[in-house]
Amino acid sequence: MENKELILSVKDLRQHFPIDGGGLLKKTVGYVRAVDGISFDVYKGETVGIVGESGCGKSTTVRSIAQLYKPTTGQILFHGVDLCTADRDTLLRQRRNIQMIFQDPYASLDPRMTVRNIILEPLRIYNRRGLLEKKYTEEELDERVKDLMEKVGINKAFINRYPHEFSGGQRQRIGIARALALNPEIILADEPVSALDVSIQAQILNLISDIQKEMGVTFIFIAHDLGVIQHISHRVIVMYLGKIMEISSSDELYSNPLHPYTQALLSAAPIPDPKLERGRKRIVLEGDVPSPDKERHCCYFYDRCAKRMDKCSKCVPPMFDCGKDHKVACFLYDDHPVAEEASDKPTEGELKLKAKQERKHRNK
Amino acid sequence: MALTKKKEITTNEFDQTIVGTSLTKEAWKRLKKNRMAVIGGVIVIIYSLVAIFADLLPLYPYDQAITSHRNLRPSLTKTAGELMLEQEMKNLFFQAWRQGRLVLTEEEDAQIEAWVAASKTNNVWDLVYERGTQALENGSFEWSASEQRRIDNILEDIETETLITINSVSAPVDGQMVNIEDMDYETLITLYASLIGSDYESVNQSMYNEVSATVTNELRANDSSLTGEDLTAAVEMEMDAMGEDAFQSRAIQNVIGYIEQLAERGASSDINTMITSGGAQLPYRGVFDLSNGLHVELEVSRMHDRRYICGTDYLGRDLLSRIIYGSQISIAIGLVGTITSIFIGILVGALAGYLGGKVDYYLMRFVDIMYGLPYMLLVIICMAIFGRNIINLFFALALVSWLTIARMVRGQIMSLKNQEYVEAARSMGVGTMSIIFRHMIPNSLSVIIVYSTIRIPAFIMQESFLSFLGLGVQAPYASWGSLIGDAVSSMALYPYKLIIPSIVMVIFLFSMNFLGDGLRDAFDPQSKNQL
């Protein structure tokens, strides 16, 4: 890993969404901590998978990286440039290298545009501002669109068709072509296969790996499906309630899960072999995922952990480095060196809200 | 970002061309299958064509009032003269019946008495006319001498009275014949001065007086409380504000009217001699060179040969022509009102929906406040303040009608804002305006189109309502509403005046509604409330 080039580095990213109290004045009464202080690095040419159950902040993380939301705090360093504080122009320049593939192929393509215009849209924007390698003419852009269509496996004769005339898999291919249009360095794939049926999933996954091999694009890949993640990722991030529980290389994680949550998660995946499946032991977690709107100063998994200790309720566990690029946020492994300190400082908005509530309390 | 619409033809491996079908194209296909909507659409198109090309149709001028043609009933077969005669005979027969000279059976007498008591005048007239003509034929009734004279007078009028339409008047200027409509103000005034034997200055002065008199009347019509000094001051202000060009264009119109009158008077003696000598076949189209140097092209037709398919109104104006010219105004109000309200509505709605937050909050509270105001009252106040003309009517209707569209567009945009393709566009760095105009508005356009087709009839209804109240279109212009409003007072005697414009209007409104329904079903095939 030492020779790998670092291209994206996320540092203590927090994404808190305000909760409106309703009423006429829409007062903020709290925050949903969708992503609550995560840090990870992404190296060139690898695929980073993010897994976790619904609502654990996977999508929010990649959307924050794509700057669809302004993060509450934290840094997203892309080649050393912080995207969160970058001005419009720099952001536009950097965005060229960060593209997204969306979950729902039926919703992610504008139904009133032809395939040509869908794939052309990013090219046009960057071409008009002269941010591409050179100024392309309309014909050259058209050629490029056709090349892209061929690359993702759509008949280029369909260039004038509309999205509703394609199947889900074909639409997802169009979405991939659009993401590839600008030759990005990194593609954020937000559950690109979960809306497709299984046979198509395989095709799209293979397409993605082919593209990666051919163009050397880095992927951040989100999926529910543990099998999909195992198949495609080099490294895996396990998230729970807006926090990273474990980061490891894919093989290591699947063969040797350390965190109790990861263990439970992996045990939930069915094994495609009836004999083994019958003998599979599931670790069933008690309770539900707690609401993410509270400030926590304990392990985020404390409520449901089968191996919880007193220590876990006192403070947030830091990331422990267990070697082999395996990091885990659990006090069970506190004999290992600390890789990253955990920070649980409240954000500015929360401090303000707290001060306000205290004032109110005192007045009463 | 200009979206190139170019569509090169692509073919598959079997050389079949591949054409994409857009959602709009599919909606159009579905619309074509909906028979009611197609019929509605065709009727709407016919109405619009008739309204647009009204000037090319062989119609009598909609503002030409012929006194002797007042209140003629609609007739396909009879000329105006025959109808006049018929009406006169009806009156005379009725008088004769009152005097006891026209003898009817006892039941008929009782019937007539009952009708008179119930003021069913038309029934009475029809009955006495029928019985009277029968009596004339079998010789049991004869006109008295004075009655005979009145009938003869009408017959003579029908024979002799003519209608002169001036097509153009030219006069020599520097040795060339110039049409007076192409002359500038000074030449025209000089010409008129020389025609009436006066000088430029005095004509100019009298023109100024005339224009200020019309301005005075206009002001008084708008605000009846103005009197004395206030009025004089207001007139002076208005005249100052008018400026030279506006004054001259008003004055030119007046002068042209005077010169045409002069020309008509000059030519009428020639025409009369021609007609009495039987030298001309009417209708006659001819050119006259008058002794004062004017060169007149005119048309002479027999006044009472006119045919009124839809009858005439209380001033003797052709109702058909008024309905058609009225449809111009009614449809224009529907269209202009809808277009302006769509523009404002889209702008406000899109901004509020996309930007959200404070902008959204304040814009929508403003809309709420506007909603709270009684909206017809607002329009009426607007009309009262700014004066009653068509432009103000457009303005007043558009002012209050964008609210619903703004809310609708806002809702649409808010739901589209979280669509993944909008997020995709944002993640690619597309600007806010670009996103609104290239992604969001095209995707909410179907809703807007449907809503606006349903809005057009509503606008026409509102305009009609205002005109009905006398706040809308002012004479000599007509709209469907003002025609109906005018007809209400004489509804019992001349029901056709009410019925014909109403039917015309109802057909248009129905067609528009069917078209709107069809569009809604076409754009939203999943909706359950299909016809």
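Here is what the cut-offs are and how they apply
- Residues numbered from 1 in each chain as written.
- Chains lettered and ligands numbered in written order.
- Predicted model: local features only at pLDDT ≥ 70, side-chain atom pairs only at ≥ 80, totals over all residues.
- Helix = DSSP H or I, 4+ residues; strand = E, 2+ residues; numbered from the N terminus.
- Rg over C-alpha atoms; globule rule 2.2 N^0.38 Å.
- Buried ≥ 20, exposed ≤ 12 C-beta atoms within 10 Å, placed from the backbone.
- Contact = placed C-beta atoms within 7 Å.
- Pairing = 2+ DSSP bridges.
- Axes fitted to C-alpha atoms, helices over the stretch in contact; angles between N-to-C directions.
- Nonpolar A, V, L, I, M, F, W, Y, C, P; charged D, E, K, R; others polar.
- Core = buried A, V, L, I, M, F, W, Y, C linked by C-beta atoms within 7 Å.
- pLDDT = per-residue confidence, 0-100.
- Expected span 1.5 Å × (residues − 1).
- Arc of directions from axis to C-beta.
- Parallel < 35°, antiparallel > 145°, perpendicular 65-115°, else oblique.
- Left-handed = near helix turned anticlockwise from the far one by under 90°.

Student: Can you help me understand the overall build of chain A in this one?
Tutor: Counting its regular elements, chain A contains eleven helices and 13 strands. For chain A, whose C-alpha radius of gyration is 22 Å, the value lies close to the compact-globule estimate of 21 Å for 364 residues. Taken over the C-alpha atoms alone, chain A extends approximately 65 × 60 × 45 Å along its principal axes. Per-residue burial over chain A gives 42% buried out of 364 residues. A fraction of 63% describes how many contacts in chain A between residues 6 or more apart in sequence connect residues 24 or more apart.

Student: Any chance you could explain the overall build of chain B here in plain terms?
Tutor: For chain B, the count of helices and strands is 17 helices and six strands. Relative to the 2.2 N^0.38 estimate, which gives 24 Å for 531 residues, the radius of gyration of chain B is 31 Å and therefore markedly larger than a compact globule would have. Pairs at least 24 apart in sequence give 69% of the contacts found in chain B among residues at least 6 apart.

Student: Sorry, what's going on with the sheet that holds strand E5 (residues 284-289) of chain B here?
Tutor: Strands belonging to one sheet form pairs held by backbone hydrogen bonds; the direction of such a pair is parallel or antiparallel. Residues and elements named next belong to chain B. Across the sheet, which stays open at both edges, the four strands sit in the order E4-E3-E6-E5 with antiparallel pairing between neighbours. Pairing within the sheet leaves two strands with one partner each, and these edge strands are strand E4 (176-179) and E5. Across the sheet, the mean angle from the axis of one strand to that of its neighbour is 30°, orientation sign disregarded. By the bridge criterion, six bridges tie E5 to strand E6 (residues 295-302) in an arrangement that is antiparallel. Across the sheet, Tyr284 pairs through a bridge with Val300, a residue of E6.

Student: When you look at unusual backbone geometry in this model, what are you seeing that I'm missing?
Tutor: Glycine aside, residues mostly have negative phi, and peptide bonds are mostly found in the trans state. Residues and elements named next belong to chain A. With a phi angle near 55°, His79 is a residue other than glycine that sits in the positive phi range. Looking at the element boundaries, His79 is found in the loop between strand E4 (73-78) and strand E5 (81-82). Even without a glycine there, the phi angle at Glu191 is positive, about 45°. As for its position among the elements, Glu191 is in the loop between strand E7 (186-190) and helix H6 (198-215).

Student: It is not clear to me how the interface of chain A and chain B should be interpreted in this structure. Could you clarify?
Tutor: Interfaces are frequently sized by the accessible area removed from exposure as the parts join. The interface of chain A with chain B comprises 30 residues on the first partner and 27 residues on the second. Breaking the side of chain A that touches chain B down by element, the ones donating at least two residues are helix H2 (88-95) and helix H3 (115-128) of chain A. In terms of residues, the side of chain A that touches chain B owes the most to one element, H3(A), which gives six residues. The residue inventory of the side of chain A that touches chain B, partitioned by class, reads 14 nonpolar, six polar and ten charged.

Student: I'm lost on the nonpolar core in this one. Help?
Tutor: Nonpolar side chains in soluble globular proteins tend to end up buried together. The biggest cluster of nonpolar side chains holds 152 residues, and the ones touching the most others in it are Leu188(A) and Ile220(A). When neighbours within four sequence positions are excluded, Leu188(A) is seen to be in contact with Val62(A), Ile65(A), Ala66(A), Ile98(A), Met100(A) and Ile220(A). Core analysis: the next-biggest nonpolar cluster, separate from the first, contains 20 residues, Ile180(B), Leu188(B), Val211(B) and Ala267(B) among them.

Student: What is the right way to look at the pairing of E5(B) in this model?
Tutor: Remark: a regular strand shows side chains that alternate across the two faces of the sheet. With zero of six residues buried, E5(B) is to be regarded as a mostly surface element. Where E5(B) hands over to E6(B), the hairpin turn is made up of five residues, of which Gly293(B) adopts a positive phi near 95°.

Student: Honestly, the confidence of the model for chain B in this entry has me stumped. Any pointers?
Tutor: Note that predicted coordinates carrying low pLDDT should not be read in detail. Residue and element names in this part refer to chain B. Per-residue confidence for chain B gives a mean pLDDT of 84, with 94% of residues at or over 70. For chain B, the element scoring lowest by mean pLDDT is strand E1 (residues 10-11), at 67; helix H2 (residues 35-52) scores highest, at 94. Both confidence scores are given for the complex: pTM 0.77, ipTM 0.83.

Student: Explanation requested: helix H12 (residues 375-386) of chain B in the structure shown.
Tutor: Since the α-helix packs 3.6 residues into each turn, any two residues three or four apart lie on the same face. Taking 1.5 Å of rise per residue, twelve residues should cover 16 Å, and H12(B) covers 16 Å from first to last C-alpha, within 8% of that figure. Gly387(B) lies just past H12(B) and shows a positive phi near 90°.

Student: I'm lost on the sheet that holds strand E11 (residues 319-321) of chain A in this one. Help?
Tutor: All names here are of chain A. Across the sheet, nine strands lie side by side as E6-E7-E8-E3-E9-E10-E12-E11-E13; this open sheet has mixed pairing. The open sheet has two edge strands with one neighbour each: strand E6 (98-101) and strand E13 (338-340). The sheet contact formed by strand E3 (residues 47-51) and strand E9 (residues 235-240) spans four bridges and is parallel. Across the sheet, residue Val51 finds its bridge partner in E9, namely Val238.

Student: What is the right way to look at helix H7 (residues 185-196) of chain B in this model?
Tutor: Residue and element names in this part refer to chain B. Given a rise of 1.5 Å per residue, twelve residues ought to cover 16 Å, and the 17 Å separating the end C-alpha atoms of H7 matches this to within 8%. All buried positions along H7 are accounted for by Leu188, Ile189, Leu191 and Tyr192. End-on view of H7: buried residues confined to an arc of 160°, all on one side of the axis. One or two positions beyond H7, positive phi appears at Gly197, with a value near 70°.

Student: How should I be thinking about the packing of helix H11 (residues 357-372) of chain B against helix H13 (residues 390-417) of chain B in this particular structure?
Tutor: For any two helices packed against each other, one specifies the inter-axial angle together with the distance between the axes. Residues and elements named next belong to chain B. Axis separation between H11 and H13 bottoms out at 10 Å; the angle between their running directions is 135°. If you check the angle between H11 and H13, you find them oblique. Crossing of H11 against H13: the hand is left-handed. Contact with H11, carried on its side by Val367, Met370 and Tyr371, involves Val400, Leu403, Ala406 and Arg407 of H13 and no other residues of that element. The class makeup of the residues in the contact of H11 with H13 is six nonpolar, no polar and one charged.

Student: Explanation requested: the environment of Gly387(B) in the structure shown.
Tutor: Note that Gly387(B) resides in the loop between H12 and H13. Once the C-alpha coordinates of Gly387(B) and Thr24(B) are considered, the two residues, 363 residues apart in sequence, prove to be 42 Å apart.

Student: When you look at the environment of Gly49(A) in this model, what are you seeing that I'm missing?
Tutor: Residue and element names in this part refer to chain A. Inspection of the secondary structure assignment puts Gly49 in strand E3. When the C-alpha positions of Gly49 and Ser233 are compared, they lie 5.3 Å apart, and in sequence the two are 184 residues distant. Once residues lying within four places of it in the same chain are set aside, the contact partners of Gly49 are Phe221, Ala223, Ile229, Ile232, Ser233, Val236, Ile237 and Ser250.

Student: It is not clear to me how the pairing of strand E3 (residues 162-173) of chain B should be interpreted in this structure. Could you clarify?
Tutor: Residue and element names in this part refer to chain B. Where E3 lies against E6, eight bridges are found, and the strand directions are antiparallel. Directly across from Thr165, in E6, lies its bridge partner Glu299. The pairing of E3 with E4 spans four bridges and is antiparallel. Bridging from a neighbouring strand, Pro172 pairs with Met177 of E4.

Student: Explain the environment of Asn513(B) to me, please; I cannot follow it from the model alone.
Tutor: All names here are of chain B. Here Asn513 shows up in helix H17 (residues 495-523). By C-beta crowding, Asn513 is classed as partly exposed, having 18 other C-beta atoms within 10 Å. C-alpha separation for the pair Asn513 and Thr453, spaced 60 residues apart in sequence, amounts to 7.3 Å. For Asn513, the residues in contact, after removing those within four places along its chain, are Ile454 and Pro457.

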